Amino acid sequence: VGISSQHRPLPFLQLSPRLTETWQDTDLRQGAQRSQRTDQIGATASLSQTFYGVFPTRAWHLLATRHEFKPDLSFSYEATRADTGGVLGFGGDTGSWAQNRRIVLRADNSFWAKLERQGSITKIRLAQVNLSSGYDFENKSRPLADLTTVVSVAAVYTTMRRDVT
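Notes on the structure in this doc start here. (Residues numbered from 1 in each chain as written. Predicted model: local features only at pLDDT ≥ 70, side-chain atom pairs only at ≥ 80, totals over all residues. Heavy atoms only, no water.)

The next thing to look at is the overall build of the protein. Within the protein, the secondary structure is distributed over zero helices and 11 strands. Listed N to C, the secondary structure of the protein is β-β-β-β-β-β-β-β-β-β-β in terms of helices and strands. Counting across all 165 residues of the protein, residues that qualify as buried make up 22%. Look at the contacts in the protein between residues 6 or more apart in sequence, and 54% of them connect residues 24 or more apart. (Helix = DSSP H or I, 4+ residues; strand = E, 2+ residues; numbered from the N terminus. Buried < 20%, exposed > 50% of the residue type's maximum accessible area, 1.4 Å probe, protein only. Contact = heavy atoms within 4.5 Å.)

Printed below as a string of C-alpha cells:
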C-alpha cells in the first residue's frame, strides 16, 4: 500500500511526501502466525528553475540557436523498518528505523536550432547534456556519488507553418 503526493507551492519548489507499507508472508508455510511488514516513509524537496538563452542568427536557413539550462537541487529523506504484526508501527514487534538522507545536484542542458525552409519553421534539438552527482549522509566510507554525464545527440524536431503563430 502506498500513498504519495506532489506539491508545487512555488514555481521553483516541488515537495513530494510518500508513505509505503508492504506485507510479506514468506514464512506462512512454516506455520508462522504473523507476517513480516515493512514501513517506509520519505519525502523529497526539490529546487529547480529553467533558464533560456536565445541567440538570433541569420546564416543560411538558421534563424536562431537556443540553450536551455535547468539546474536542480533536491534533498530526500527516507526511513525504513521491518516489523512483525501490527499496522503502521502500532502493535507487533517493531524494529529500529534505518534512515537515509541524500542531496542530489543535477544540471540539464539542451541545445536547439531554429530553421526556416520553404515557409516553415523547424525546431531541432541538437544535443542534450545532463550532469548529476549526490551526497549520501549515511554512507561514511564514500558519501560523494560519482559524477554521471549523459550526452545524447538526436534530431528531435517540430515543424510549423510560417503563418501559424
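We now examine unusual backbone geometry. If you check the backbone angles, W60 has positive phi at about 55° while not being a glycine. Here W60 is to be found in the loop between strand 5 (51-59) and strand 6 (62-84). Not every positive phi belongs to a glycine, and Q118 is a case in point at roughly 50°. Counting through the fold element by element, Q118 comes out in the loop between strand 8 (98-117) and strand 9 (120-136).

Within the secondary structure, S110 sits in strand 8. You can call S110 buried: its relative accessible area is 10%.

Next up on the list: the packing of aromatic side chains. Per the counting criterion, the structure on display carries three aromatic pairs. Between F75 and F137 the ring centres are 6.5 Å apart and the planes differ by 65°, which places this aromatic pair in the edge-to-face class. Here the residue F75 occupies a position in strand 6, and F137 occupies one in the loop between strand 9 and strand 10 (148-152), the gap between them amounting to 62 residues. Arranged with centres 5.1 Å apart and planes meeting at 75°, the rings of Y135 and F137 form a pair that is edge-to-face. An aromatic cluster of three or more residues is present, and its members are F75, Y135 and F137. (Phe/Tyr/Trp six-rings, centres within 6.5 Å; stacked < 30°, edge-to-face > 60°.)

On to the side chain of Q128, then. Positionally, Q128 belongs in strand 9. Q128 gets classed as buried once you look at its relative accessible area, which sits at 19%. Polar side-chain contacts of Q128 include one of 3.0 Å to the side chain of R125. Q128 has contacts with N109, S110, V150, V151 and S152, leaving out every residue within four places of it along the chain. (Polar contact = N/O pair within 3.5 Å; in protein donor to acceptor, adjacent residues only side chain to side chain.)

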